[in-house]
Amino acid sequence: MKKLILLFVAISLISCGASKTVRVSKKVIKGDWVLSSINYSQTGTYNVTLFNDASKTCFEGSTWQFVPNNNTGVYTINDASCPTGERHFVFTIQEVDAETGLYDFLLKPTNEKYKSETNQGFRLKLSALSEYDMQWQQSVNVSGNSFTINMNFSKK
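1. Re the pattern of salt bridges
Applying the stated rule across the entire model yields one salt bridge. A salt bridge links D53 to R87; the nearest nitrogen and oxygen atoms lie 3.0 Å apart. A residue pair is termed long-range when its members are at least 10 positions apart, and D53 in the loop between β2 (49–50) and β3 (54–55) and R87 in strand β6 (residues 85–97) qualify at 34 residues.

Structural data, given as structure tokens:
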């Protein structure tokens, strides 16, 4: 009986930890990235403000640093025609499909001490991740139609 209880406790503890897919992904995402391009699922000209912060033009070329051991990061807007500087965030990876490795990603803007003033976050789909490239997708509703924003990153 004691062995059965210990086995149950061990299985419970293992299942509470992050999956292998998420652990591997955290190792890959660690480090410095450049948001190289942003495109949309539909053609046209759109006035999009990403993360309630800045336009697509401002975000293209921004640099991102991910520290997965404490789920924090910093991105820096570099375009001189935009409000430049560092922005801090926390992120969470939430697994969706262990076979494909695709999952949801929650990004929450914070202050320098990684405290959120609004407790507002942005749910994204981490649709591609390799040693050198990463893609996020954010689905939004525009005039009743589904619209996807693709954010393409390259590792520095």
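2. Overview of the packing of aromatic side chains
What characterises a pair of aromatic rings is the spacing of the ring centres plus the angle enclosed by the ring planes. Tallying each qualifying case throughout the model produces 23 aromatic pairs. Taking the centre distance of 6.2 Å and the plane angle of 65° together, the rings of F51 and W64 count as edge-to-face. You can see F51 sitting in the loop between β2 and β3 and its partner W64 sitting in strand β4 (residues 63–67), a full 13 residues away along the chain. Accessibility assignment for this pair places F51 and W64 in one class, buried. Three or more aromatic residues joined by ring pairs form one cluster here, namely F51, F59, W64, F66, Y75, F89, F91, F105, F122, W136 and F153.

3. As for the pairing of β4
Burial of the side chains of β4 is restricted to one face: W64 and F66 are buried, whereas none of T63, Q65 and V67 on the reverse face is. The pairing of strand β1 (residues 31–40) with β4 spans four bridges and is antiparallel. Following the sheet pairing, D32 is matched in β4 by Q65. Here β4 folds back onto strand β5 (residues 72–77), and the loop between the two strands holds four residues, one of which, N71, carries a positive phi near 55°.

4. Some thoughts on the environment of P109
Considering the arrangement of structural elements, one finds P109 in strand β7 (residues 102–110). Of the residues examined, P109 reaches a relative accessible area of 27% and is grouped as partly exposed. The spatial distance from the C-alpha of P109 to the C-alpha of G73 is 9.5 Å, given a sequence separation of 36 residues.

5. Description of the pairing of strand β8 (residues 122–129)
Direction of pairing for β8 relative to strand β9 (residues 133–142): antiparallel, over a ladder of four bridges. Looking across to β9, one finds that L126 is bridged to W136.

6. Let's talk about the side chain of T72
Of note, T72 is situated in strand β5. When its relative accessible area of 8% is taken as the criterion, T72 is described as buried. A polar atom in the side chain of T72 sits 2.6 Å from the side chain of N70. Not counting residues within four places of it along the chain, the set of residues in contact with T72 comprises Q65, F66, V67, F89, V90, F91 and Y114.

7. Re unusual backbone geometry
Across residues other than glycine, the phi torsion is negative in most instances, and most of the peptide bonds are trans. Here the phi dihedral of F51 falls at roughly 55°; this positive angle occurs in a residue that is not glycine. Positive phi, normally seen in glycine, also occurs at N71, with a value near 55°. In this fold, N71 is placed in the loop between β4 and β5.

8. Notes on the confidence of the model for the chain
Averaged over the chain, the pLDDT score is 84; the fraction of residues at 70 or greater is 83%. When mean pLDDT is compared element by element in the chain, β5 scores highest at 98, while helix α1 (residues 2–16) scores lowest at 38. Taken as a whole, residues 1–17 scores under 50 in pLDDT and shows zero contacts with residues more than four places along the chain or in a different chain.

Reading the values: rules and limits
Residues numbered from 1 in each chain as written. Predicted model: local features only at pLDDT ≥ 70, side-chain atom pairs only at ≥ 80, totals over all residues. Heavy atoms only, no water. Salt bridge = Lys/Arg side-chain N within 4 Å of Asp/Glu carboxyl O. Helix = DSSP H or I, 4+ residues; strand = E, 2+ residues; numbered from the N terminus. Phe/Tyr/Trp six-rings, centres within 6.5 Å; stacked < 30°, edge-to-face > 60°. Buried < 20%, exposed > 50% of the residue type's maximum accessible area, 1.4 Å probe, protein only. Pairing = 2+ DSSP bridges. Polar contact = N/O pair within 3.5 Å; in protein donor to acceptor, adjacent residues only side chain to side chain. Contact = heavy atoms within 4.5 Å. pLDDT = per-residue confidence, 0-100.

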